[in-house]
Amino acid sequence: WEFNGSFHQPSAFLMKGIPGLEALHPWISIPFCALYLSALLGNCVILFIIGRTPSLHEPMYYFLSMLAVTDLGLALCTLPTTLGLFWFGARSIGFDACLAQMYFIHILSFMESSVLLAMAFDRFVAVSRPLRHAAILTGGTVLKIGLAIVLRGTASLLPIPFLLRRLSYCGRTELSHSFCFHPDIMNLACADIRVNVFYGMIILFSTVGMDFIFIVLSYILILRTVASLTTREECLKALNTCVSHICAVLLFFIPMIGLSMIHRFGRNLPPLVNSLVAYTYLIIPPALNPVIYSIKSTPIREALLRALRRERG
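Here, residues in each chain are numbered from 1, in the same order as that chain's written sequence. Given that this is a predicted model, residues contribute local features only at a pLDDT of at least 70 and side-chain atom pairs are listed and counted only at 80 or more, while totals for whole chains, interfaces and linings are drawn from all residues. Where side-chain values are given, they derive from all heavy atoms of the structure, hydrogens and water being excluded.

The chain has the name Olfactory receptor in an unreviewed UniProt entry, where Prunella himalayana is given as its organism. UniProt positions are given in the numbering used here, feature names are shortened, and annotations may be inferred rather than shown by experiment. UniProt's Sequence similarities (unreviewed entry) comment on the chain is quoted here verbatim: "Belongs to the G-protein coupled receptor 1 family."

Next comes the structure, spelled out in structure tokens:
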């Protein structure tokens, strides 16, 4: 875009639902409602169970609580605009409101990546140093890790809204999704966006990219430790404690990497692909993580069953 006029910012952006299926948005909202309900109820139940069960007051479940909080935040960030668009056709979102939504979506995404890395470290210590696990990951250490995760996400993304506000926008105001995403807003500008692109890539690779690399390294070390165990039962028991976390990592990183690549290099792909990957990235992990941990984690499943029995009694 070339623009020789004065500096301009739109009063609002227009959001888009699922391209080509606009007439079916009321029906499409049904599975979306189910996913949002699963995300809200499931993560609240996880937090309630861990808070009410003293035996679950351990590092693994503290990190799981952090994951549940970030999943709740992600669901709540996109729920109003997504369901508002599907139900009422509310496409408009104010410029400042869009920047605020974008900021919190990216903060929570970066925090979830960091929490998954902390959970990988917890699993590595539990498998390779089981006798020192409690001494290494004390309550104070877990609290410091949680604070570092929040500060890291908040500080690294703080310049993004200001970098977007300095741009001039003209012509197009239609976003690609029913929520605000940094590359999506950035590409609507008719000004030089090289600073935004460069800063976005640097932050993405230095945070989420490094988290993913360290998670992979953690599991390489875990597999080396498991391979040294003497019996098959010990190997299976050690690996079983990691299954839920591996599923959470795949659910989060595969759609996130896909969406980032589409926004930067996949402009010739059908809009429907972009839309589906985006919704998978932001809605599926918050909805499925509580289900995965409830099914695969025996202590959580047993605590949940005890709570249900008390309610019936």
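1. Topic: the state of the cysteines
In plain terms, two cysteine sulfur atoms within 2.5 Å form what is called a disulfide here. With the rule as written, the count across this model stands at two disulfides. With its sulfur 2.1 Å from that of its partner, Cys170 forms a disulfide with Cys190. Here Cys170 is found in the loop between helix H6 (159-165) and helix H7 (182-186), whereas its partner Cys190 is found in the loop between H7 and helix H8 (194-227), with 20 residues between them in sequence. Each member of the pair, Cys170 as well as Cys190, is classed as buried. The disulfide pattern of the chain is 1-3, 2-4 when the bonded cysteines are numbered in sequence order. Helix numbers and strand numbers start at the N terminus; a helix is a DSSP run of H or I with at least 4 residues, a strand a run of E with at least 2. Relative accessibility thresholds used throughout: buried, under 20% of the residue-type maximum; exposed, over 50%; partly exposed, between the two (1.4 Å probe, protein chains only).

2. Remarks on the UniProt feature "transmembrane region" (unreviewed entry) in the chain
The feature "transmembrane region" (unreviewed entry), as given by UniProt, occupies residues 27-50, 62-88, 100-121, 133-155, 197-222, 243-264 and 276-295 in the numbering adopted here. In the segment residues 27-50, helix accounts for 100% and strand for 0%; the C-alpha atoms at its two ends are 36 Å apart. In residues 62-88, helix accounts for 100% and strand for 0%; the two terminal C-alpha atoms are 39 Å from one another.

3. Focus on a nonpolar patch on the surface
The residues that make up patches have over 30% relative accessible area and no salt bridge, and they are joined within 9 Å when like-charged or within 5 Å when they are Val, Leu, Ile, Met, Phe, Trp or Tyr. Computed with the Shrake-Rupley method and a 1.4 Å probe, the accessible areas treat only the protein chains shown as cover for residues. The term salt bridge refers to a pairing of a side-chain nitrogen on Lys or Arg with a carboxyl oxygen on Asp or Glu at a separation within 4 Å. Judged by side-chain polarity, Met210, Phe212, Ile213, Phe214, Val216, Leu217, Ile220, Ile257, Met261 and Phe265 come together as a nonpolar surface patch covering roughly 860 Å² of accessible area. Listed by contribution, the elements that provide at least two residues to the nonpolar patch are H8 and helix H10 (243-265). One can find Phe212 in helix H8.

4. With respect to the environment of Lys16
Position of Lys16 among the secondary structure elements: in the loop between strand E1 (12-14) and helix H1 (25-52). For the pair Lys16 and Leu85, spaced 69 residues apart in sequence, the C-alpha to C-alpha distance is 8.0 Å. Note on contacts: a residue pair is in contact if any heavy atoms of the two residues lie within 4.5 Å. For Lys16, the contacting residues outside a window of four places in its chain are Leu85, Glu174, Leu175, Ser176, His177, Ser178 and Tyr279.

5. A closer look at the packing of aromatic side chains
Here a Phe, Tyr or Trp ring, Trp counted by its six-membered ring, pairs with any other such ring whose centre lies within 6.5 Å, and the pair is stacked when the planes are under 30 degrees apart, edge-to-face when over 60, and tilted otherwise. Summed over all chains, the structure comprises twelve aromatic pairs. Between Trp87 and Phe88, the aromatic rings sit 6.1 Å apart at their centres with planes inclined by 80°, giving edge-to-face as the arrangement. Residue classification places Trp87 among the partly exposed residues on the basis of a relative accessible area of 46%. Judged by its relative accessible area of 67%, Phe88 is exposed. Feature note: the residues Phe32, Phe86, Phe179 and Tyr279 constitute an aromatic cluster, connected by ring pairs.

6. Section: the layout of surface pockets
Picture a little ball the size of a water molecule; that probe, rolled over the atoms, points out where space is still empty. Only protein atoms enter the 1 Å grid used here, on which a cavity is any set of points holding a 1.4 Å probe that cannot leave and a pocket is any open set flanked by protein within 12 Å on both sides along at least five of seven lines; residues with an atom within 4 Å of a point are listed as lining. Grid points are joined across faces, edges and corners, and a volume is the space filled by probe spheres set on the points. One number sums up the size of the largest pocket: a volume of about 480 Å³. Forming the walls of the largest pocket are 19 residues, and the residues nearest its centre are Met60, Arg123, Ala126, Lys237 and Thr241. Contributions of two or more residues to the lining of the largest pocket are made by helix H2 (59-88), helix H3 (95-128), helix H9 (232-240), helix H11 (271-296) and helix H12 (298-312). The residue makeup of the lining of the largest pocket, split by class, is nine nonpolar, six polar and four charged. If you list the elements that add at least two residues to the lining of the second largest pocket, you get H7, H10 and H11. Of the residues assigned to the lining of the second largest pocket, the class counts are eight nonpolar, five polar and five charged. Residues are grouped as follows: nonpolar covers Ala, Val, Leu, Ile, Met, Phe, Trp, Tyr, Cys and Pro; charged covers Asp, Glu, Lys and Arg; every other residue, Gly included, is treated as polar.

7. Some words on the pattern of salt bridges
For the structure on display, the rule yields six salt bridges. Put simply, Glu174 and Lys16 hold a salt bridge, and the shortest N to O gap is 3.7 Å. One end of the pair, Glu174, is in the loop between H6 and H7; the other, Lys16, is in the loop between E1 and H1, and 158 residues separate them in sequence. The class for Glu174 is partly exposed, based on a relative accessible area of 37%.

8. Focus: the packing of H10 against H11
Running from amino to carboxyl end, H10 crosses H11 at an angle of 170°, the nearest separation of the two axes being 9 Å. Judged by the angle between their axes, H10 and H11 are roughly antiparallel. A breakdown of the residues in the contact of H10 with H11 according to their chemical character gives 18 nonpolar, seven polar and one charged. In this analysis, axes come from line fits to C-alpha atoms, helices being fitted only over the stretch in contact, and the angle between any two N-to-C directions falls in the range 0 to 180 degrees. Throughout, the term roughly parallel applies to angles under 35 degrees, roughly antiparallel to angles over 145, roughly perpendicular to angles from 65 to 115, and oblique to all others.

9. Thoughts on the nonpolar core
Residue types Ala, Val, Leu, Ile, Met, Phe, Trp, Tyr and Cys, when buried and joined through side-chain atoms within 4.5 Å, form a set referred to as a nonpolar core. Membership of the largest hydrophobic core comes to 85 residues, with the highest contact counts inside it found for Phe13, Phe32, Leu64, Leu116, Leu164, Tyr169 and Ile185. The element contributing the most residues to this core is H3, with 16 residues. In this structure, Leu64 is in contact with Ile46, Ile50, Met119, Tyr293 and Ile300, ignoring residues within four places of it in sequence.

10. Quick word on a positive patch on the surface
Under the convention used here, Asp and Glu are negative, Lys and Arg are positive, and both His and the chain ends fall outside the count. The atoms used to mark charge sites are NZ of Lys, CZ of Arg, CG of Asp and CD of Glu. There is a patch of like positive charges on the surface, built from Arg52, Arg306, Arg309 and Arg310. Tracing the sequence through the fold places Arg306 in helix H12. Under the relative-accessibility criterion, Arg306 is labelled partly exposed at 36%.

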